[in-house]
Amino acid sequence: MTIVVLLVAATVTGAYFKLSGNVKHIDVPTEDLGARPVKVATKALNVLVVGSDQRGGKNAKYGRFPGERTDTIMLAHISPKRDNAMVVSFPRDSMVQLPECRARQGLAGQQAHLGMINESFNSGGIACTWKTVEALTGIHIDHFVKVDFTGFKGMVDAVGGVEVCVPEPINDKKALLTLPAGKQTLKGEQALGYVRARYSLGDGSDIGRIQRQQMFIASMVKKVMSGETLTDPTKLFGFLDAATKSVTTDPGLTPGVMKDLATSAEGLAAGQIHFITTPWRYSVTYPGRVEWVQPQSRKLFQIVARDIAVAGSGVKGGQSKVPRSKIQVEVRNGTARSGLGSLVAVQLEERGYHIAKIGDAPHKPYPKTTIAYSPKGAPGAPTLSRDVLKSSGRLVQRAVTPRLILTVGDDWQGLKPLKQDDVDSLKGFDATHDSCAGT
């Protein structure tokens, strides 16, 4: 979203210099980054994007704590021809090898150790996070952008809100969020609560939160790049003013760089902006944390570093296949085995599905595992059936919601094994994705 903001800001005649004057800067000395990856796609642009969780001033109502943290870490990649963009999310709970970072600007610094990826921001600020992401991915980062809570709300309000779909009513006191179920347009405060909420939605995981953040940003990008915003000078300037006031960048991301980037990327469309999460699985060694899946993660990072497109839903056997990242699933336990629904939901989430709800099936027991779907959810049913249904399972067209409903029966034997060449998790979805469509 920030990259789109900077692109559009640079094209607004007369307002450009005022808007660029809103942006704050933090210097990242080269010596803080240590030995760096060689940049393979020399004309591509890689920008580290973090969400700043600072609980002072106007943000104190979300709970006070000293310093600054980040629960959102992304890498935005823009291709050399400026005709394709990719946004890679790194789960906050990822257990990774963290590099050594020196103490600076009142921060204690970081010793090399195995820890959660967001520790680097707490210990050494943006410079340490930059060094960590480069060390883990082998991708040369050109710039960084930091966005804060208050600025995020201002951006959402400036475009008149962003449309989302809420599967079930939400009452989350931690996120200060109360919403009814269904399609609705969220304004600033509600939008912030929605992307921050964790325990009251889906399966309550950080991965579920990342999925909502990606879909929300995609919906916001689509609205910003639509005629509704771009052709309304007042709305456009209000959005850009709020956006540029909320971001902090490195000094290298100058007004001149922004303007050149905007000029070269003038034809970039929402459908050419793709969102992908680093392939992961829940850790057995560190409960509650996740680990990156190999070799898929390395392949993703190589794709970014070399600027190889991964767009599209994929075609196999002459038939279109809907990626797992575009499918929302409700999991129902139709057996007497306690916790089986949650276990299946975790396994599906690891493969890239969006878990909308977990619960027990009515009228237990169910002898057979079934996938129920509505006409809107039908395109995603074959993808899910390839992962879960054995010879005894069945597909049923009777769901009343656009999401798929998986009822786990007594015949459940686990998911089908993944093939070695399965890269479906690398395909993600683009910024034209309709979060209200189910697939």
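In this text, all values refer to a predicted model and were calculated from it rather than measured experimentally.

**Topic: the sheet that holds strand 21 (residues 394–396)**
Read from one edge of the open sheet, five strands run 19-18-22-20-21, paired in mixed fashion. The sheet is open, and its two edges are formed by strand 19 (354–360) and strand 21, each paired on a single side. The average angle at which neighbouring strand axes cross in this sheet is 20 degrees, direction not considered. Both strand 20 (residues 370–372) and strand 21 contribute to a ladder of three bridges, which runs parallel. Within the sheet, the bridge partner assigned to T370 lies in strand 21 and is R394. Along the sheet, helix 11 (residues 340–350) contacts strand 18 (328–333), strand 19 and strand 22 (404–408); its crossing angle with strand 18, the most-contacted strand, is approximately 155 degrees. Along the sheet face, helix 12 (residues 381–388) touches strand 18, strand 20, strand 21 and strand 22 and points at about 20 degrees away from the line of strand 22.

**A closer look at the state of the cysteines**
Inspection of the entire model under this criterion finds one disulfide. The residue that forms a disulfide with C101 is C128, at a sulfur-sulfur distance of 2.1 Å. Residues C101 and C128 share a disulfide whose torsion about the S-S bond is about 85 degrees; that sign makes it right-handed. Here C101, found in the loop between strand 5 (95–98) and strand 6 (113–116), pairs with C128, found in helix 3 (residues 119–137); they are 27 residues apart in sequence, far enough to count as distant. The burial state of C101 is the same as that of C128; both residues are buried.

**Description of the nonpolar core**
The biggest cluster of nonpolar side chains holds 51 residues, and the ones touching the most others in it are Y194, F216, M220, F239, I273 and F275. Per element, the largest residue contribution to this core is seven residues, and it comes from helix 6 (residues 206–224). Sequence-distant contacts of F216, defined by excluding residues within four places in its chain, comprise F152, V156, V162, V164, A191, Y194 and V195. Core analysis: the next-biggest nonpolar cluster, separate from the first, contains 28 residues, V50, L98, F301 and V304 among them.

**Structural notes on the packing of aromatic side chains**
All told, the structure shown has seven aromatic pairs when counted by the stated rule. Seen from their ring centres, Y194 and F216 are 6.3 Å apart, and the 45 degrees between their planes marks the pair as tilted. Of this pair, Y194 sits in helix 5 (residues 188–196) while F216 sits in helix 6, and the two are 22 residues apart along the sequence. Judged by its relative accessible area of 8%, Y194 falls in the buried class.

**Section: the pattern of salt bridges**
On inspection of all chains with the given rule, the structure shows 13 salt bridges. One salt bridge in this structure joins D32 and R104, with 2.7 Å as the shortest N-O distance. With D32 in the loop between strand 1 (24–25) and strand 2 (45–54) and R104 in the loop between strand 5 and strand 6, this pair connects stretches of sequence that are 72 residues apart. Each member of the pair, D32 as well as R104, is classed as buried. For D360, the salt bridge is made with K364, and the minimal N-O distance between the two is 3.4 Å. Given a relative accessible area of 55%, D360 falls into the exposed group.

Reading guide: rules and limits
- Residues numbered from 1 in each chain as written.
- Predicted model: local features only at pLDDT ≥ 70, side-chain atom pairs only at ≥ 80, totals over all residues.
- Heavy atoms only, no water.
- Pairing = 2+ DSSP bridges.
- Helix = DSSP H or I, 4+ residues; strand = E, 2+ residues; numbered from the N terminus.
- Axes fitted to C-alpha atoms, helices over the stretch in contact; angles between N-to-C directions.
- Contact = heavy atoms within 4.5 Å.
- Disulfide = S-S within 2.5 Å.
- Buried < 20%, exposed > 50% of the residue type's maximum accessible area, 1.4 Å probe, protein only.
- Core = buried A, V, L, I, M, F, W, Y, C linked by side-chain atoms within 4.5 Å.
- Phe/Tyr/Trp six-rings, centres within 6.5 Å; stacked < 30°, edge-to-face > 60°.
- Salt bridge = Lys/Arg side-chain N within 4 Å of Asp/Glu carboxyl O.

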